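One letter stands for each residue in the lines below.
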Amino acid sequence: MNLSEETQKIIATAQKKLTKAFEEVDEIATYNQMKVLEAFQTNNVGQRHFSQTNGYGYDDIGRDTLCKLFAQIFGGEKAIVSPLIVSGTHALTLALYGVLRPGNEMLAITGSPYDTLKEVIVGEGNGSLKDFGIKYSQISLKDGKIDIQAVLNNINENTKLIFIGRSRGYEWRNALSVNDIAYAVKEIKKSYNNICIMVDNCYGEFIEKIEPTQVGADIIVGSLIKNPGGGIAPTGGYICGKSQYVDLIAGRFTSPSIGMEVGSYAYGYKDFYQGIFMAPHTVAQAIKGSMLVGQVYSDLGFETMPLSGETCGDIIRSIKFDTQEQLIDFCRAIQEASPIDSNVVPYPWDMPGYEHQVIMAAGTFVAGASIELSADSPIKAPYIAYLQGGLTYEHVKIACMYCVEKLLFKNN
Ligand SMILES: *Cc1c(COP(=O)(O)O)cnc(C)c1O
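What you see is a predicted model, and the numbers here were worked out from it, not measured in a lab. (Residues numbered from 1 in each chain as written. Predicted model: local features only at pLDDT ≥ 70, side-chain atom pairs only at ≥ 80, totals over all residues. Heavy atoms only, no water.)

**Overview of the overall build of the protein**
Threshold: Helix and strand definitions follow DSSP, with helices as H or I runs of at least four residues and strands as E runs of at least two, each counted in order from the N terminus. Throughout, the radius of gyration refers to the C-alpha atoms, and the reference size of a globule is 2.2 Å times the residue count to the power 0.38. Where accessible areas are quoted, they stem from the Shrake-Rupley method and a 1.4 Å probe; at the residue level, only the protein chains shown are allowed to cover. Charged-residue counts in this description rest on Lys and Arg as positive and Asp and Glu as negative, His and the chain ends being excluded. Think of each charge as sitting on NZ of Lys, CZ of Arg, CG of Asp or CD of Glu.
Scanning the protein from terminus to terminus reveals 11 helices and 12 strands. Relative to the globule expectation of 22 Å for 412 residues, the C-alpha radius of gyration of the protein, 21 Å, shows essentially globular dimensions. Summarising its shape, the C-alpha atoms of the protein cover approximately 65 × 50 × 40 Å along the three principal directions. When the accessible surface of the protein is totalled, it reaches about 17500 Å², and 51% of it is carbon and sulfur. The protein carries 35 positive and 45 negative side-chain charges, and their two centres are separated by 3 Å.

Now the structure itself:
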């Protein structure tokens, strides 16, 4: 690639500004690596846990130990970790249906849950929670934080589950910090100890030294083709937290009569173990890449979120472009800079579960894995690209060069 001097200079200048911030990211990664390593040692993980299993999978020690490992790392009593969970949306759906019963109310306290959950919660005639007589209400964030007074005012005797979205999803806001979540949990639990507080933890794992389950959240839920899969897990999802809820969710996941006693995986579990082992490092790579892209675009005069220098609460970087064309160009440059399908040109398209057309750049080894470098955005004004992932910082840096070249010299 013939990089202009201008682009090289922009990237080098941005990188220099981030030296201090990168040190902090490395420090968190080291802490989390230790936490993960200790969990491997406590659970005596060995080659025998990687074995392929089939059929019912009774006494599948690979599966059972993987669940224990996640529970320890995330500070929950129990966990469900499974390649049989097809995605983050599936894991979240299982968790909601596992805990909620007809007549209960679900209260979302960070505005709209992630796009793909809308049909799950309030869809009509599609088997949604609403179809099963589960009510729903929602409270928006106030100045980017949970509006705790409004939350407490809106809890009623039917409120059974409070839903917190840690990451921004497709919203122009920052992710919540674990501290923000801790404060809300504490205030809610003071008066309502038997409401289940569930956190959509997607994109949040290993960003900080603690997870929401370590500050009192009852359940956290996420995808294995995001942070905790470390870029290695080929599929799957997890649910972790208090036993009373994890057991109910296990009953929904398989069957009330068999719960987590069954489930096999004919490909073996090595990639899940190796994935969670790699995850603290991979997340740090993605965060550093995200910081660099944020700094570069902010230096170029675009609005980005988080602001450059601000700490990250998730691995996503939002960049607000002036035009739809710039947005599409950005996603195309990311695709061109990918190791896989670099010749594919992304176009805006209708996607199941999303309201607007979405453009997605994902030249990834694991299809759609957004811990790998990817960019996507709904096609609507204001034109915001959401960039996430990157298995290596170097790759994100190179991709950022592609993007800047396209922005500066498109017509040359
Ligand atoms: C990715 C994501 C989900 C789940 O999406 P899947 O594509 O089904 O894995 C849910 N919430 C947030 C915030 C996410 O980022």
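**Brief notes about the packing of helix H3 (residues 61–74) against helix H9 (residues 270–299)**
Stated precisely, the cut-off is as follows: Interaxial angle, 0 to 180 degrees, is taken between N-to-C directions of lines fitted to C-alpha atoms, where a helix line uses only the stretch in contact. Oblique is the label for any angle not covered by the other classes, which are roughly parallel (under 35 degrees), roughly antiparallel (over 145) and roughly perpendicular (65 to 115). Left-handed describes a crossing whose near helix is turned anticlockwise from the far helix by less than a right angle; the clockwise case is right-handed. We call two residues in contact whenever any of their non-hydrogen atoms come within 4.5 Å of each other. Any residue that is not Ala, Val, Leu, Ile, Met, Phe, Trp, Tyr, Cys, Pro, Asp, Glu, Lys or Arg is counted as polar, Gly included; the first ten are nonpolar and the last four charged.
Here H3 crosses H9 at 15°, and the two axes come no closer than 10 Å. For the element pair H3 / H9, the angle class is roughly parallel. Seen along the crossing, H3 lies across H9 with a hand that is left-handed. On H9, the residues that touch Ile61, Gly62, Thr65, Leu66, Leu69, Phe70, Ile73 and Phe74 of H3 are Phe272, Tyr273 and Ile276. Grouping the constituent residues of the contact of H3 with H9 by class yields 9 nonpolar, 2 polar and no charged.

**With respect to the site of the ligand**
The following threshold applies: A single heavy atom is enough: if one lies within 4 Å of a molecule or strand, its residue is considered near that molecule or strand. Identification of polar contacts relies on pairs of N or O atoms within 3.5 Å, with a donor-acceptor requirement for protein atoms, meaning one able to donate a hydrogen and the other able to accept it, and with residues adjacent in sequence counted only if both atoms are side-chain atoms. Here a cavity means grid points, on a 1 Å grid over the protein atoms only, where a 1.4 Å probe fits yet cannot get out; a pocket means an open set of points with protein on both sides within 12 Å along at least five of seven lines; lining residues are those with an atom within 4 Å of a point. Molecules are considered to sit inside a cavity or pocket once more than half of their atoms lie within 2 Å of its grid points.
Lining the immediate environment of the ligand, one finds Ser87, Gly88, Thr89, Leu92, Tyr114, Ser167, Asp200, Cys202, Tyr203 and Lys226. In the model, an oxygen atom of the ligand is placed 2.8 Å from a nitrogen or oxygen of the glycine 88 main chain. The side chain of threonine 89 places a nitrogen or oxygen atom 2.5 Å from an oxygen atom of the ligand. Protein burial of the ligand: of its 370 Å² of free accessible surface, 87% is covered by the chains. More than half of the atoms belonging to the ligand lie within 2 Å of the grid points that define the largest pocket. For the shell around the ligand, the leading source of residues is helix H4 (residues 88–99), giving 3 residues. Residues belonging to the shell around the ligand are distributed by class as follows: 4 nonpolar, 4 polar and 2 charged.

**Quick look at the packing of helix H2 (residues 19–42) against H3**
The geometry of H2 relative to H3 is characterised by a closest axis approach of 9 Å and an angle of 140° between their N-to-C directions. Relative to H3, H2 is oriented oblique. Between H2 and H3 lies a crossing of right-handed hand. Residue-level inspection shows Lys35, Val36, Glu38, Ala39, Phe40 and Thr42 of H2 in contact with H3, the latter providing Leu69, Gln72 and Ile73.

**Some details on the nonpolar core**
Applicable threshold: Definition of nonpolar core: a set of buried residues of the types Ala, Val, Leu, Ile, Met, Phe, Trp, Tyr and Cys, connected through side-chain atoms within 4.5 Å. Using a 1.4 Å probe on the protein chains alone, a residue whose accessible area is under 20% of its type maximum counts as buried, one over 50% counts as exposed, and one in between counts as partly exposed. Note that domain bounds follow an automatic or database assignment of domains.
Ranked by size, the top nonpolar core spans 126 residues in total, and within it Leu96, Val151, Tyr297 and Phe330 carry the most contacts. When residues in this core are grouped by element, the largest group, 13 residues, is from H9. Two domains each put at least three residues into this core: domain 1 (5–31 + 277–409) and domain 2 (48–275). Once residues within four sequence positions are removed from consideration, phenylalanine 330 is found in contact with Val293, Tyr297, Ile319, Phe321, Ala375, Ala385, Leu387 and Cys403.

**A closer look at the side chain of glutamine 285**
When you line up the elements, glutamine 285 lands in helix H9. Taking the relative accessible area as the measure of exposure, glutamine 285 reaches 10% and is therefore buried. When neighbours within four sequence positions are excluded, glutamine 285 is seen to be in contact with Gly390, Leu391, Thr392, Tyr393 and Glu394.

**What to know about the sheet that holds strand S12 (residues 383–388)**
Rules: Any two strands between which DSSP finds at least two bridges are classified as paired.
In space, the 5 strands of this open sheet follow the order S8-S9-S12-S11-S10, with antiparallel pairing throughout. At either end of the open sheet lies a strand with only one pairing partner, and these are strand S8 (303–305) and strand S10 (358–361). Shown here is a sheet whose adjacent strand axes are inclined to one another by a mean of 20°, direction ignored. One ladder, built from 3 bridges, connects strand S11 (residues 374–378) with S12; its direction is antiparallel. If you follow serine 374 over to S12, its bridge partner there is glutamine 388. Running over the sheet, H9 touches S8, strand S9 (316–321) and S12 and is turned about 20° from S9.

**A word on the environment of glycine 62**
With respect to the helices and strands, glycine 62 occurs in helix H3. Glycine 62 sits 340 residues away from tyrosine 402 along the chain, and the two C-alpha atoms are 42 Å apart. Once residues lying within four places of it in the same chain are set aside, the contact partners of glycine 62 are His49, Tyr269 and Tyr273.

**Some details on the domain arrangement of the protein**
The line we're drawing: Accessible area that two parts lose when put together, with a 1.4 Å probe and added across both, is what the buried area reports. Any Lys or Arg side-chain nitrogen located within 4 Å of an Asp or Glu carboxyl oxygen qualifies as a salt bridge.
Here the protein is partitioned into domain 1 (5–31 + 277–409) and domain 2 (48–275). One C-alpha centre belongs to domain 1, the other to domain 2; they are set 26 Å apart. Of the roughly 3000 Å² buried at the junction of domain 1 and domain 2 (both faces included), carbon and sulfur atoms supply 62%. The largest per-residue losses of area from domain 1 upon contact with domain 2 belong to Met305, Asp314 and Tyr354, which jointly make up 18% of the total buried on that side. Arginine 168 serves as the salt-bridge partner of aspartate 314, at 2.8 Å between the closest nitrogen and oxygen. Tallied by class, the residues present in the side of domain 1 that touches domain 2 amount to 25 nonpolar, 9 polar and 8 charged.

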